[in-house]
Amino acid sequence: MRYLFLLLVILVSCENRSFESDKRQLIAKDQIRRKLHGAHSFDITAFKQDTLQSYSDTTLKYPLRYTLDFVYTDSSGQVQNKKGIVLFTPDGKSVLKTQIVGQD
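A closer look at the packing of aromatic side chains
Logical step 1: Per the counting criterion, the structure on display carries four aromatic pairs.
Logical step 2: An angle of 65° between the planes, with centres 5.2 Å apart, marks the rings of Tyr66 and Phe88 as edge-to-face. One end of the pair, Tyr66, is in strand β2 (residues 64–73); the other, Phe88, is in strand β3 (residues 79–88), with 22 residues separating them in the sequence.
Logical step 3: Note on Tyr66: relative accessible area 0%, which makes it buried.
Logical step 4: Aromatic ring contacts, followed pair by pair, group Phe42, Phe70 and Tyr72 into a single cluster.

Things to note about unusual backbone geometry
Negative phi values dominate among residues other than glycine, just as trans dominates among peptide bonds.
Logical step 1: For Ser41, which is not glycine, the phi dihedral falls at a positive 55°.
Logical step 2: Topologically, Ser41 is positioned in strand β1 (residues 40–51).
Logical step 3: For Tyr62, which is not glycine, the phi dihedral falls at a positive 60°.
Logical step 4: Since its relative accessible area comes to 42%, Tyr62 is described here as partly exposed.

Some words on the pattern of salt bridges
Logical step 1: In the structure shown here, the tally under the stated rule is two salt bridges.
Logical step 2: The closest approach of N and O atoms between Arg65 and Asp50, which form a salt bridge, is 2.6 Å. With Arg65 in strand β2 and Asp50 in strand β1, the pair connects residues that are 15 residues apart, well separated along the chain.
Logical step 3: Since its relative accessible area comes to 26%, Arg65 is described here as partly exposed.
Logical step 4: Between Asp69 and Lys83 there is a salt bridge, with the nearest N and O atoms lying 3.7 Å from each other. Separated by 14 residues along the polypeptide, Asp69 in strand β2 and Lys83 in strand β3 bring together distant segments of the chain.
Logical step 5: Judged by relative accessible area, which is 17%, Asp69 ranks as buried.

Criteria and cut-off values
- Residues numbered from 1 in each chain as written.
- Predicted model: local features only at pLDDT ≥ 70, side-chain atom pairs only at ≥ 80, totals over all residues.
- Heavy atoms only, no water.
- Phe/Tyr/Trp six-rings, centres within 6.5 Å; stacked < 30°, edge-to-face > 60°.
- Helix = DSSP H or I, 4+ residues; strand = E, 2+ residues; numbered from the N terminus.
- Buried < 20%, exposed > 50% of the residue type's maximum accessible area, 1.4 Å probe, protein only.
- Salt bridge = Lys/Arg side-chain N within 4 Å of Asp/Glu carboxyl O.

As structure tokens, then:
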């Protein structure tokens, strides 16, 4: 019984961390979509998560950066390839900045 409880605790704690990362990814996607006006057929083609070692605001250490490559059709019918960057606070609970840049 003790081993079953220990196994259950391990499984729940592992899933919780994974869920938080997935939740931030969905928030990042929503933040990017809000910046696109009149866009449809939105699709993420690549995703990357990393921790910044430095940030312009020196009071924050190690903010989380989510980078999404995406494709969408704009309001004029043109297919666009872009990159979105969403910065989160180090605890991952708040968005600091959302930016869309042209694809290289």
